[in-house]
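# Close look at the chain arrangement
What follows is each chain in one-letter form.
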Amino acid sequence: MKERNPQTFHVKSFGCQMNVYDGARMAELLEAEGMTAATDGTEADLVVLNTCHIRERAAEKVYSDIGRLRREDGSSPMIAVAGCVAQAEGAEIPRRAPAVDIVVGPQAYHRLPQLVAEAKAGRRALDTDMPLESKFGALPARRRQGPTAFLTVQEGCDKFCTYCVVPYTRGAEVSRGWDAILDEAQALVDRGAKEITLLGQNVNGWADEQGRGLHDLIAALDRLPGLARIRYTTSHPNDISEGLIRAHAEVGRLMPFLHLPVQSGSDRVLKAMNRSHTTSSYLAIIDRVRAARPDIALSGDFIVGFPGETEAEFEETLKIVEAVNYAQAYSFKYSPRPGTPAASMDGQVPTQVMDERLQRLQALINAQQLAFNRASVGRRTSVLLERQGKKPGQLAGKSPWLQSVHLETDAAIGDLVDVEIVAAGPNSLSGAHLMRNAA
Ligand code: 5AD
Ligand code: SF4
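All values derive from a computational prediction rather than experimental measurement.

### A look at the site of ligand 1
Taken together, the neighbourhood of ligand 1 is formed by Ile-54, Arg-55, Tyr-163, Gln-263, Asp-301, Ile-303, Phe-332, Lys-333, Tyr-334, Ser-335 and Arg-337. Within the contact set of ligand 1, a nitrogen atom lies 3.0 Å away from a backbone nitrogen or oxygen of Tyr-163. Take Ser-335: an N or O atom from its main chain is 2.7 Å from a nitrogen atom of ligand 1. Here ligand 1, which alone exposes 400 Å², has 86% of that area covered by the protein. At the level of secondary structure, the elements contributing two or more residues to the shell around ligand 1 comprise strand E13 (297-304) and strand E14 (328-333). In terms of residue class, the shell around ligand 1 is built from 5 nonpolar, 2 polar and 4 charged.

Printed below as a string of structure tokens:
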């Protein structure tokens, strides 16, 4: 392998918000090493593919992405495969794709500089350990700027849902320490963050030795001057505490939004998924959350076609969606993940059946989302401007309920503005900027 000395890098993140967070931290780490972000990803000396293993044929997509990095002159950048596919495939990656120089798992990316040094010296570098030392402690301080930021507070999962690879790729549940989290939050606010989303595979399982829970962290963030909005995701129904529900009633900066996956409306399927909650325990949580915060927007995840799912069981999923009335939701066709218990279960559902169920489920979810958005018309609310809008002169941001809102305004990205919602579509709202002191 020829010697190379990368000066520029490009990190491409796929999948969940935690990958987006990890991608930002890898970029900061490489910058701290003196490298610069390439303006054009295709020209970078080092490309990091920060992969996701949740979707169907995830590994196959990574191999074709690697192939696409080859340039016209036949050369390739230095290639690092990171994220959950790196963890799951390990040494298989350079075997199948010899252009890959580095394979690094989600718990080892703080060692990226050493791995790059190995690759520079012409050696292939692989690190899929899950070291006990804290990755977070080894990362440089936050440098990124922007009005919205992610902050990982908890990682990994001990729930072992039978369809899911996360417990294998991200490892056991670990909570970061209180001080490290608050220091990072302060650093993000100092650099302009107005909204922080606390992240974790089971974010509401966050706990420390002193018995504090996620709601205590939220209360501490609520006292940070300059921070306007707090969000958190993803929560597990089994770890919803009374304190967290109360926070939705009491903490002004905690946004009225809860992403709480249920996956199926059938208790038999939930049991086979090892979800450890039932439809009625889930609905009871929803009732309590709505009692605390009546306007809360609810979101969920659904899998259709889990092995053995019958038509009647699928219809129970439609029923729970009707019972909850979601503001938005994600739905997926079941896809076997090698090594997970469900992959070898009897009764794998044919693709056409899954396609048809997914369509019916998505039609219902889309109708609920449109109704939720339409109910916002006429409402006055705040929008945190975070990007350019659809049309020239427009900026876009999020409502407290996580709806995208587009508006014409002289305000700047990063401003929190008062808006009247004037129109609603299935995926976004249009707003009119209300001037301060107006009406
Ligand atoms: N097949 C389909 N969907 C899955 N998810 C996780 N694993 C699988 C799988 N094997 C979905 C779940 C989870 C979301 C992040 O992805 O709904 O909540
Ligand atoms: Fe996967 Fe279940 Fe853990 Fe969520 S709770 S990460 S679906 S194993």
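### Some details on the pattern of salt bridges
Applying the stated criterion to the full structure yields 33 salt bridges. Close ionic contact of Glu-173 with Lys-159 constitutes a salt bridge, the shortest N to O distance being 3.0 Å. A residue pair is termed long-range when its members are at least 10 positions apart, and Glu-173 in the loop between helix H7 (166-169) and strand E9 (174-175) and Lys-159 in the loop between strand E8 (154-155) and H7 qualify at 14 residues. A salt bridge links Arg-268 to Glu-313; the nearest nitrogen and oxygen atoms lie 2.6 Å apart.

### Quick word on the site of ligand 2
Around ligand 2, the neighbouring residues are Cys-157, Lys-159, Phe-160, Cys-161, Tyr-163, Cys-164, Val-166, Pro-167, His-236 and Arg-275. Residues of the shell around ligand 2, tallied by class, amount to 7 nonpolar, 1 polar and 2 charged.

The rules we used
Residues numbered from 1 in each chain as written. Chains lettered and ligands numbered in written order. Predicted model: local features only at pLDDT ≥ 70, side-chain atom pairs only at ≥ 80, totals over all residues. Heavy atoms only, no water. Near = heavy atom within 4 Å. Polar contact = N/O pair within 3.5 Å; in protein donor to acceptor, adjacent residues only side chain to side chain. Areas by Shrake-Rupley, 256 points an atom, 1.4 Å probe, with all protein chains shown as cover. Helix = DSSP H or I, 4+ residues; strand = E, 2+ residues; numbered from the N terminus. Nonpolar A, V, L, I, M, F, W, Y, C, P; charged D, E, K, R; others polar. Salt bridge = Lys/Arg side-chain N within 4 Å of Asp/Glu carboxyl O.

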